[in-house]
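Coordinate inspection notes
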Amino acid sequence: MRHIVLFKLKERNEANMDALVNVIMQMKGRLPMLEDIAAKKDFLGTDRSFDVMLEAKLAKEDLDAYANDPFHLACKEQMAPLIERSVTCDVE
């Protein structure tokens, strides 16, 4: 399955987008349930745009383990000061 999260930053700028991408990418290779993870920055910057996308590939049955993993939770704490809001979509 794919776990996709879109983030809207409190203050959109390159430094904040890079910081968020860097925190997300800390999870690569650190969470055993993740088959892959990617983070990408939006280039349009319209009012409708979200600023950063996270896409994680993992087994559907591992979603709860991912959500509650201590390293994942620590990354979320690092991201929190940057984020205004987020939306998620989980697809098979």
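Please refer to the structure placed before this passage.
This structure is a prediction, so every number in the text was calculated from the model and none was measured.

**Some details on the nonpolar core**
Ranked by internal contacts, the top residues of the largest apolar core, which has 25 residues, are Phe7, Leu20, Ile24, Met27, Leu34, Leu54 and Tyr66. Among the secondary structure elements, those contributing two or more residues to this core are β1 (2–9), α1 (14–25), β2 (34–41), β3 (52–58) and α3 (70–79). Per-element tally for this core: the top contributor is α1, with five residues. Residue contacts for leucine 20: discarding those within four places in its chain leaves Phe7, Leu9, Val52, Met79, Leu82 and Ile83.

**Thoughts on the side chain of histidine 72**
If you trace the backbone, histidine 72 turns up in helix α3. Ignoring sequence-local partners within four residues, the contact set of histidine 72 consists of Met27, Leu31, Tyr66 and Ala67.

**Some points on α1**
Over its 12 residues, α1 runs 16 Å from end to end, which matches the ideal 16 Å to within 8%, given 1.5 Å per residue. Turning to α1, its buried residues number three or more, namely Asn16, Met17, Leu20, Val21, Val23 and Ile24. One face of α1 carries all of its buried residues, which in axial projection span an arc of 160 degrees. Residues of α1 that are exposed and point more than 90 degrees away from the buried face comprise Ala15 and Asn22. Structurally, the start of α1 carries an N-cap: the backbone nitrogen of alanine 15 is 3.2 Å from a side-chain oxygen of asparagine 13.

Calculation notes
- Residues numbered from 1 in each chain as written.
- Predicted model: local features only at pLDDT ≥ 70, side-chain atom pairs only at ≥ 80, totals over all residues.
- Heavy atoms only, no water.
- Core = buried A, V, L, I, M, F, W, Y, C linked by side-chain atoms within 4.5 Å.
- Buried < 20%, exposed > 50% of the residue type's maximum accessible area, 1.4 Å probe, protein only.
- Helix = DSSP H or I, 4+ residues; strand = E, 2+ residues; numbered from the N terminus.
- Contact = heavy atoms within 4.5 Å.
- Expected span 1.5 Å × (residues − 1).
- Arc of directions from axis to C-beta.
- Polar contact = N/O pair within 3.5 Å; in protein donor to acceptor, adjacent residues only side chain to side chain.

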